[in-house]
Amino acid sequence: MTRTNGKISRLATLAVAVGLSAAAGYVAAQAQTTDAEKEIERYREMISDPMSNPGFLAVDRGERLWSEKRGKNNVSLETCDLGEGPGKLEGAYAKLPRYFKDADKVMEIEQRLLWCMEKIQALDTADVIKRRFASPGVDSDMEDLVAFIANKSSGRRIEPQSSHPKEAELTAIGEALFYRRAGVMDFSCATCHAEPGKRIRLQGLPDFSKPGKQAQETMGSWPTYRVSQSALRTMQHRMWDCMRQQRWPNPDYASDGITALVMFLNKQAAGGEITVPSIKR
């Protein structure tokens, strides 16, 4: 009986030791994560100044493209109406996506720019679409234009549009898409972005399931310069890359589905301050 009790006692002691060790490991890992996040945030602060953020080079290139005469009509985009009137850029990005009567549909920024290129400039947009995302040695007209236009709304608040029936309809579709599970991994956007405290590696994942700070800070910071990719990226690229990681089929560029998702995410981010181009890992 003594031997048995002694064996049980040793097993209990071992279990307690293993538990304490696991708890200590968890605490140490949490501390390491916190320290890493602090260093990442410190790095971002160091390079957040416009003189240190390469994203502002895209802003400059976009400004030139906005006023450059192109297409069969040999005109610039300066008469393109992004919702605030022809050529008016201040605050326009803050209200996109939105319904456009001339096209009779809801468009986000890249959809609208493609429409203006085709309708106003009579530009063949095949090459623009081919270069929709920059790659080493190849700039993207779209990413540059979005950087320039979005920067004109820096300091403004995100204003999701819902007064037109098509805006409300697309927002509802975007919410349904956010929670829709699909693909070989059976993932949805909500798999990663509908619970607090989730992360992938050292990267915290914002919770979009409810309106508030996380959604505001995330949506207000795109377009952004990605240090790891040495390129400025737009929300179109973010959506494409998320779907790639979920092992979903690649979405069509500037599709209504992407617009719907952005509509829903902007609804969750309503009132958030736009500070772009930002800079991320």
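**Topic: the pattern of salt bridges**
And then number 1: Going through the model one piece at a time under the given rule, you end up with 17 salt bridges.
And then number 2: In this structure, the salt-bridge partner of K210 is D207, at a minimum N-O distance of 2.9 Å.
And then number 3: A relative accessible area of 46% means that K210 is categorised as partly exposed.
And then number 4: Owing to a relative accessible area of 3%, D207 belongs among the buried residues under this scheme.
And then number 5: Beyond isolated ion pairs, a larger network of salt bridges with shared partners links R70, D127, R131 and D141.

**Some details on the sheet that holds strand 5 (residues 224-226)**
And then number 1: Read across the open sheet, the three strands follow the order 6-5-7; overall the sheet is mixed. Strand pairing shows two members of the sheet lacking a second neighbour, strand 6 (231-233) and strand 7 (278-280), which therefore form its edges. If you compare each strand with its neighbour and ignore which way they point, the axes differ by 35 degrees on average.
And then number 2: Bridge analysis of strand 5 against strand 6 gives three bridges, and the strand direction is antiparallel. Residue pairing across strands places T224 opposite R233, the latter belonging to strand 6.

**Digging into the side chain of E108**
And then number 1: Here E108 shows up in the loop between strand 2 (105-107) and helix 3 (109-121).
And then number 2: The side chain of E108 sits in the buried core without any salt bridge; K105 is the nearest counter-charge, 9.6 Å away.
And then number 3: At 2.7 Å, the side chain of E108 forms a polar contact with the backbone nitrogen of Q111.
And then number 4: Contact partners of E108, with chain neighbours within four places excluded, come to P97, Q236 and T259.

**What about the environment of D186?**
And then number 1: Relative to the assigned elements, D186 resides in the loop between helix 6 (165-179) and helix 7 (189-193).
And then number 2: Taking C-alpha positions, D186 is 9.0 Å from W248, a pair spaced 62 residues apart along the chain.

**Notes on unusual backbone geometry**
And then number 1: Here the amide bond leading from L96 into P97 is cis, since omega sits at 0 degrees, within 30 degrees of zero.
And then number 2: With respect to the helices, strands and loops of the structure, P97 is situated in the loop between helix 2 (55-67) and strand 1 (98-100).
And then number 3: In this model, W222 is joined to P223 through a cis peptide bond whose omega is 10 degrees.
And then number 4: By secondary structure assignment, the location of P223 is in the loop between helix 8 (213-219) and strand 5.
And then number 5: Despite not being glycine, R247 has its phi angle at roughly 65 degrees, a positive value.
And then number 6: Locating R247 in the fold gives a position in the loop between helix 9 (235-245) and helix 10 (256-268).
And then number 7: By relative accessible area, which is 48% here, R247 ends up partly exposed.

Conventions used here
- Residues numbered from 1 in each chain as written.
- Predicted model: local features only at pLDDT ≥ 70, side-chain atom pairs only at ≥ 80, totals over all residues.
- Heavy atoms only, no water.
- Salt bridge = Lys/Arg side-chain N within 4 Å of Asp/Glu carboxyl O.
- Buried < 20%, exposed > 50% of the residue type's maximum accessible area, 1.4 Å probe, protein only.
- Pairing = 2+ DSSP bridges.
- Helix = DSSP H or I, 4+ residues; strand = E, 2+ residues; numbered from the N terminus.
- Axes fitted to C-alpha atoms, helices over the stretch in contact; angles between N-to-C directions.
- Lys, Arg positive; Asp, Glu negative; His and termini not counted.
- Polar contact = N/O pair within 3.5 Å; in protein donor to acceptor, adjacent residues only side chain to side chain.
- Contact = heavy atoms within 4.5 Å.

Structural measurements only, silent on function.
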